[in-house]
Amino acid sequence: MNQSSGVSWLYGTVLGRGVLKIIQICKLDHLAVAFLRSPLSKCVIGSYIKRNQIPMEEYQAESYRTFREFFLREKKTLEFDTDPRHLISPCDGWLSAYPIEEDCSFFIKGSHYGLCDLIKDPELSQHYDHGACLIFRLCASDYHHYCYIDDGTLEKSHYLEGELHSVQPIACETYPVYTLNRRVWSLLHTDHFGPVIQTEVGALVVGGIVNHPVQGRFQRGGEKGHFDLSGSTIVMLFQKEQISLLPHIEECLRGGQEVRVTWGMQIGTRYAPPTMTP
């Protein structure tokens, strides 16, 4: 959960926030994209691996021509919990969870979020009163591909242009990043967890989001898409009484803490009403 010193400076100091605004106004991210896609970026891969302690033996390729090619690396093997009653993580990352209040909002690290601001669909937002919001924050060392959590069907994806802030905790304490940032949201009609809204959120500085087209039904564990050039966040919204997190995860999440999760691991179960005792 460590934050980089650069991000801490950008969001934690007056001068840093001024520099951040200049980056955004002048669209300096275009220069970063050009560099990371070019062969010149190959020189930064080794230090990036070392700094983030990435276990490269888990990945298929042994060499990469550009940083972008390295960022999109694929694992040799991928495993996921196959029990349809089990809720799985769609990605590697740090998980946090928040209740959705009656007014279709939730509160994270000093920022108040309305669901209609997140997905720009007030009518759909109403169906998630008293539901659950799960947030998966990917880090530099993570596998930046994400999967479907269940079998089901997908409605049209919605692209919302926005800014590109970091998703590290200090940025979330400074700005409501999940409603400011570029994002793509989709309504997933899942077989076991009801209608789930999944939102992929872009991040500083690049914020690329690539979702694969779907024809017919999607399958649990199938790749939904990947982030391009920058680690980011996935926000998942569940309706009331659809999921229950595993007890040890729920215990760790109390107080707004984060729990380390990995792609395809079980994090919860399909909701089961409490049994009545005579």
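Our subject in this report is the structure included herewith. (Residues numbered from 1 in each chain as written. Predicted model: local features only at pLDDT ≥ 70, side-chain atom pairs only at ≥ 80, totals over all residues. Heavy atoms only, no water.)

### With respect to the packing of aromatic side chains
When we look at a pair of aromatic rings, we describe it by the centre distance and by the angle of the planes.
(1) Moving on: Going through the model one piece at a time under the given rule, you end up with 9 aromatic pairs.
(2) Moving on: With a centroid separation of 5.6 Å and 80° between ring planes, the pair formed by Y64 and F70 is classed as edge-to-face. The pair formed by Y64 and F70 is uniform in burial state, with each residue classed as buried.
(3) Moving on: Ring plane angle 80° and centroid distance 6.3 Å describe the contact between F80 and W263, whose orientation is recorded as edge-to-face. With F80 in the loop between α5 (67–71) and β1 (86–88) and W263 in the loop between β16 (259–261) and β17 (266–270), this residue pair connects regions lying 183 residues apart in the sequence.
(4) Moving on: Here F80 falls in the partly exposed class, since its relative accessible area comes to 31%.
(5) Moving on: Over the ring of Y59 we find R73; its NZ or CZ atom is 4.7 Å from the centre of that ring.
(6) Moving on: Sitting over the ring of F70, R73 keeps its end group 4.4 Å from the ring centre. (Phe/Tyr/Trp six-rings, centres within 6.5 Å; stacked < 30°, edge-to-face > 60°. Buried < 20%, exposed > 50% of the residue type's maximum accessible area, 1.4 Å probe, protein only. Helix = DSSP H or I, 4+ residues; strand = E, 2+ residues; numbered from the N terminus. Lys NZ or Arg CZ within 6 Å of the ring centre and 35° of its normal.)

### Topic: the environment of L237
(1) Moving on: Counting through the fold element by element, L237 comes out in strand β14 (residues 233–238).
(2) Moving on: For L237, a relative accessible area of 0% translates into the label buried.
(3) Moving on: C-alpha of L237 to C-alpha of A97: the two residues are 140 residues apart in sequence and 10.0 Å apart in space.
(4) Moving on: For L237, the contacting residues outside a window of four places in its chain are I100, L115, L118, Y128, A132, C133, P195, V196 and I197. (Contact = heavy atoms within 4.5 Å.)

### Quick notes on the side chain of S96
(1) Moving on: Assignment of secondary structure puts S96 in strand β2 (residues 93–99).
(2) Moving on: Those residues within four positions of S96 in sequence are excluded, and the remaining contacts are C133, L134, I135, L253, Q257 and E258.

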